[in-house]
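Chain by chain, the residues:
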Amino acid sequence: MTEEPEPHLMAYADVWSAVPGQTVSVYGSGPRGTVDVDLVDLVTDAVLTPASPVSVEPRPLEIGSHLEIPSVPTPARGSLALWIRPHRLGTRQVLADLTAGEWRLLLALDEEGRAEVSVGTPSGRLHGRAPSGVREGSWFLVAAAWEATPATTTVHLTVGGGGESVRATGHAPPPPAGTGALRLGAGPGRDSPYIGRIALPLLTRSLLTGEACASLLGLTTGAGLLGHAGDDVVALWDPSADPGAPLVPDVSGNGHHARAVNRPLAGLAGPEGDAGKPAHTAVQLSPEDLDDARWPETCALTVPGDTASTVLGIRLRGGSRSFVAPLIVRPPGPPHEPASRPLAVVLPTFTYTAYANHRQSSEAEYFGDYSRVTTRRITLSPVDAYLNRHRELGLSLYDSRLEGGAVYYSSRRRPVLNYTADYVWWMTGAPRHFSADILLLRWLRSEGFAFDVLADEDVHAGGADLLAGYRVVMTGSHPEYISAPERAAVGAYVSGGGRLMYLGGNGFYWVTGVDPRYPYAIEVRRRGTGDWWDNEPGEDVLTSNGEPGGLWRLQGLPPQELLGVGFAAQGWGPAPGYTRLPDSYRDEAAWIFDGVDTEVVGAYGLALGGAAGDEIDRAAPELGTPPGTLVLATSAGGHGHYYQPAAEDASPDGDTVRADMTLRRLGGGGAVFSVGSVNWVASLAAREGDISRITRNVLSRFLLSDVL
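Please read these numbers as outputs of a predicted model, since none were measured by experiment.

S.K.: Teacher, can you tell me more about the sheet that holds strand 1 (residues 10-13) here?
M.R.: The strands making up a sheet associate through hydrogen bonds between their backbones, and the pairing can be parallel or antiparallel. The strand order across the open sheet built from three strands is 1-3-22, with neighbouring strands paired in antiparallel fashion. For this open sheet the edge positions go to strand 1 and strand 22 (299-302), each flanked by a neighbour on one side alone. Between one strand axis and the next, the sheet turns through 30 degrees on average, direction left out of account. Of the pairings in the sheet, the one linking strand 1 to strand 3 (residues 23-29) comprises four bridges and is antiparallel in character. Counterpart to M10 in the pairing with strand 3 is S29.

The following block contains the structure:
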């Protein structure tokens, strides 16, 4: 990894959404010294608080997932057994590290995948290594056993059920009476991390060697192991007892629960037993997991009590360096005043989290030759170049692990460098996600519309009651990741007479979990697309809520059913505008185009030169678009071969690569206006024109209290 001349100045807050008067903790890192910190409104550029000097210093990012048990009995005669499925060999990897005073037992894999065990004390060291190595992608039972007298210790190592493969005896005293510390999957300081799955670690007072070890091979559930080992069990850690919990339960009843550091992937199948069907008894450990940076607090800032709902920046400045971490200021809570602020803009913060620290290097690995999807020359900003070099900042859901496989968790409790108002995406050379949505808020402010700003997390927690007082709810440009409570809240809002403006593309697409034990993170388990990031069979259930993951479409809730449109294609070649269709001239829709005198709208924009580009959605009655939905305009026929149909779209209609603009009217005055394109907001911000007029016309009409 390239060494930087100086540490990067960066920070994050403990929350991304706060109310006026709330105090927010800020965690920073940078060159040792003093920086000024203030709050600035990212929509108006107004400075809300005076600059205050605070001290910063370089802070490490301690990445890598493993399990820790700080206190566990260390018998003079005992065994440690666990199932392993390595994902990448070639480096030395620690499977287990049991330490009691100066006595230490280490179970590891060497560079060739051979299991090895050692017992060390100041007076001696025993070591043994299996004659052959394990294989990547296969399950193996590995057991280390020891028996000690005051003068000597014998250590045994068994791999699989083939009998005792290693035995060593030497002069080493037993572990001191009492307790020790056990770490599974890494040594001290995350040294020599293990890369792969482990299942059902078992600590006993008996020797698991030879036939005793072989008898465990068919016992691949916690209950089976407990029934077999009986009173000899000191601890048995079974992830299936509480999938995804911060503490992996010790199901022996002895209370030696293991702390899951950096949230290892849970809810995974372990080894097959006699029944041939594996239980979900495994966790996956990776040296690149990062759940929470856990930096000490740098300072605390209080949102001024008179702050109207907006998006603030927590700004750190020192010398020539600066960093701005975002903070959404939501209304102070019910009851709010919809008469004065009848519009709520829901920023897609789950999507921001999914793309947090998204790396161009991972995208390049996925697409290979960029010329298949774009005509643009890829140019990296300093931020993107830095992210490519620094994987320790944590992975996005669009990065693949170095050992292979998808990322299922993404957290905001870490510095996120591409979540800034000035970020420009390398693929389009234009704002995307948060930076694009800031442009939307600035446009609303310039047009004189009063609005509140909410985060996905707010709607997830507040439900339909939070939205009920608003006359109009507006999305950001890419609300791709939606939780079940948020999906239900928006559906209830529309059914109850609310008016929704969907100003994005590829929306309401992936089922997203938020575990109350990790409220700062999301979980996504992809299935149904046949792509590289699909999970392994049988592992699609979210540990966050116990519900199936994957596409909302597979849950019987396609986006078309709510929005009128759903994901159709993606691409980054030249983007067209929309051509008006006959529905746009009908009396019930013609008002949308008041002041528009061209047949094609949106043939311009900051991103790719047009409003219908990037990721786009189409109306599809066969996928749930409700009868009576008006299709006002379409980009059909305007996309080149750079735009690829959605992998899951098996429609026989060959003209599926298009963005459709639709209007859906419901009973009780409810309505949904959809544009079906990520690029819409980038065109809205480009200049005054037909996209501005259409957006203004719809919003002004939707804000009226009478029936459409």
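After presenting the structure, the write-up continues.
S.K.: I'm lost on the layout of surface pockets in this one. Help?
M.R.: One water molecule sets the probe size; rolling that probe over the atoms shows where empty space is left. Size it by volume and the second largest pocket reaches roughly 470 Å³. In this structure, the second largest pocket is lined by 28 residues; those nearest its centre are Y366, D531, W533, Q570 and E615. At the level of elements, helix 4 (360-367), strand 33 (566-571) and strand 38 (644-645) are the ones that each hand at least two residues to the lining of the second largest pocket. Looking at the lining of the second largest pocket element by element, the count peaks at four residues for helix 4. When the residues that make up the lining of the second largest pocket are grouped by side-chain class, the tally is 15 nonpolar, six polar and seven charged.

S.K.: How do you make sense of the environment of A385 when you look at a structure like this?
M.R.: In this structure, A385 sits in helix 5 (residues 382-389). Separated by 148 residues in sequence, A385 and W533 have C-alpha atoms that sit 24 Å apart.

S.K.: Just to check I follow, could you spell out the pattern of salt bridges for this structure?
M.R.: Opposite charge on two side chains allows them to pair when their charged atoms are near. As enumerated under the stated definition, the model contains 36 salt bridges in all. When the shortest N-O distance is used, the salt bridge between D399 and R359 registers 3.2 Å. Here D399, found in the loop between helix 5 and strand 26 (409-411), pairs with R359, found in the loop between helix 3 (349-354) and helix 4; they are 40 residues apart in sequence, far enough to count as distant. Each member of the pair D399 and R359 is classed as buried.

Cut-offs and rules
- Residues numbered from 1 in each chain as written.
- Predicted model: local features only at pLDDT ≥ 70, side-chain atom pairs only at ≥ 80, totals over all residues.
- Heavy atoms only, no water.
- Pairing = 2+ DSSP bridges.
- Helix = DSSP H or I, 4+ residues; strand = E, 2+ residues; numbered from the N terminus.
- Axes fitted to C-alpha atoms, helices over the stretch in contact; angles between N-to-C directions.
- 1 Å grid on protein atoms, 1.4 Å probe; cavity = no way out; pocket = protein on both sides within 12 Å on 5 of 7 lines; lining within 4 Å.
- Points joined across faces, edges and corners; volume = space filled by probe spheres on them.
- Nonpolar A, V, L, I, M, F, W, Y, C, P; charged D, E, K, R; others polar.
- Salt bridge = Lys/Arg side-chain N within 4 Å of Asp/Glu carboxyl O.
- Buried < 20%, exposed > 50% of the residue type's maximum accessible area, 1.4 Å probe, protein only.

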